[in-house]
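# A closer look at the structure
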Amino acid sequence: MAGFAITVAQQKGGSGKTTLAANLAVEYLSRGHSVAVLDTDPQGSLGRWFMTRREAMGEAAGLDFATASAWGVSYELEKLRKSNEIVIIDTPPKIDSDLKPTLRASNLVLVPVASSHVDLWATESILDMAQREDRKTLLVLNRAASRAKLTSEVSEQLDGLPGARASTVIGSRVIYAEVLGQGKAVGEKAAKGPAAAEISALADEIADVLNQS
Ligand SMILES: Nc1ncnc2c1ncn2[C@@H]1O[C@H](COP(=O)(O)OP(=O)(O)OP(=O)(O)O)[C@@H](O)[C@H]1O
Ligand SMILES: [Mg+2]
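Residues numbered from 1 in each chain as written. Chains lettered and ligands numbered in written order. Predicted model: local features only at pLDDT ≥ 70, side-chain atom pairs only at ≥ 80, totals over all residues.

### Some thoughts on the overall build of the chain
In terms of helices and strands, the chain carries ten helices and seven strands. In terms of C-alpha radius of gyration, the chain reaches 16 Å, essentially the compact-globule figure of 17 Å for 213 residues. Considered along the principal axes of its C-alpha atoms, the chain spans approximately 45 × 40 × 30 Å. For the chain, the residues scored as buried account for 45% of the 213 residues in total. Looking at the chain alone, contacts between residues at least 24 apart form 79% of all its contacts between residues at least 6 apart. (Helix = DSSP H or I, 4+ residues; strand = E, 2+ residues; numbered from the N terminus. Rg over C-alpha atoms; globule rule 2.2 N^0.38 Å. Buried ≥ 20, exposed ≤ 12 C-beta atoms within 10 Å, placed from the backbone. Contact = placed C-beta atoms within 7 Å.)

### A few points about the sheet that holds strand 7 (residues 164–165)
Taken together, seven strands build an open sheet; the order of strands is 3-2-4-1-5-6-7 and the sheet is parallel. Each having just a single partner strand, strand 3 (64–67) and strand 7 make up the two edges of the open sheet. Here strand 5 (residues 108–114) runs beside strand 6 (residues 137–142); their pairing, made up of six bridges, is parallel. The partner of Leu-110 across the bridge, within strand 6, is Leu-138. (Pairing = 2+ DSSP bridges.)

### Points about the environment of Ala-191
Summarising the element assignment, Ala-191 is placed in the loop between helix 9 (186–189) and helix 10 (194–212). Distance in space between the C-alpha atoms of Ala-191 and Gly-62 is 18 Å, their sequence separation being 129 residues.

### Remarks on the packing of helix 1 (residues 17–30) against helix 2 (residues 45–57)
When two helices pack together, their arrangement is given by the angle between their axes and by how far apart the axes lie. Taken N-terminus to C-terminus, the directions of helix 1 and helix 2 make an angle of 40°; their axes are 9 Å apart at the nearest point. Crossing of helix 1 against helix 2: the hand is right-handed. Together, Thr-18, Ala-21 and Ala-22 of helix 1 and Ser-45, Leu-46 and Trp-49 of helix 2 make up the contact between the two elements. The residue inventory of the contact of helix 1 with helix 2, partitioned by class, reads four nonpolar, two polar and no charged. (Axes fitted to C-alpha atoms, helices over the stretch in contact; angles between N-to-C directions. Left-handed = near helix turned anticlockwise from the far one by under 90°. Nonpolar A, V, L, I, M, F, W, Y, C, P; charged D, E, K, R; others polar.)

### Focus: the packing of helix 1 against helix 10
It is at 10 Å that the axes of helix 1 and helix 10 come closest, and there the two elements cross at 75°. The angle between helix 1 and helix 10 places the two elements in the roughly perpendicular class. Of the residues in helix 10, those touching helix 1 at Asn-23, Leu-24, Glu-27 and Tyr-28 are Ile-199, Ser-200, Leu-202 and Ala-203. Residues belonging to the contact of helix 1 with helix 10 are distributed by class as follows: five nonpolar, two polar and one charged. (Parallel < 35°, antiparallel > 145°, perpendicular 65-115°, else oblique.)

### Structural notes on the site of ligand 1
Around ligand 1, the surrounding shell holds 19 residues, and the nearest of these are Lys-17, Thr-18, Thr-19, Pro-93 and Ala-177. Those elements giving two or more residues to the shell around ligand 1 turn out to be helix 1 and helix 8 (174–181). Classifying every residue of the shell around ligand 1 by side-chain character gives five nonpolar, ten polar and four charged. (Near = placed C-beta within 6 Å.)

So, in structure tokens, the structure goes:
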């Protein structure tokens, strides 16, 4: 892996963009890659997560970090790419032309869809924009409640959307919310738990897509 940029984007707020960005960053770090996170969301949640991590762990936080406004992304990304194998970009819950420079600079657009119809309806705009920019996308079902009828309905409809869909499903688990507030990732709190296993499986799927490019 070299200089790959993964953008996490979805119009719907609260779909899990920041959660997945943080957990995937630590997952790739634990595999020995150099990783940076780039926060382009003015809410700054990923930045807060990173600062909490730095305070708790110091140098052992292990990640590079930067923020950028929509128009400054390509410049920041160019810098981060020089010293990192993987850059993960978190974006605001808004799909408009501001996102284009970020998409153009990305190797893959990861689109989390939380298990609800409203989240599903919000998904087409990012898929359309990524397609217009000729970017690869990967849909991932997040906050899936096992055995819920709603989850299987949303999952079925995800299959009907254009572009690739991760076979990994991210469950609805309190640990995701807990660790984010501590500046950590799920694997750092429960290395053998189901959340760590699903993040690892998703990281594998993303790496496969990136290595095909
Ligand atoms: N798989 C999950 N299981 C349980 N809680 C989750 C999961 N994914 C995300 N959450 C929780 O849902 C909330 C929203 O997640 P997150 O902040 O990652 O979404 P977001 O898409 O980045 O939101 P925004 O659009 O506001 O930036 C957070 O409280 C987070 O802890
Ligand atoms: Mg966010």
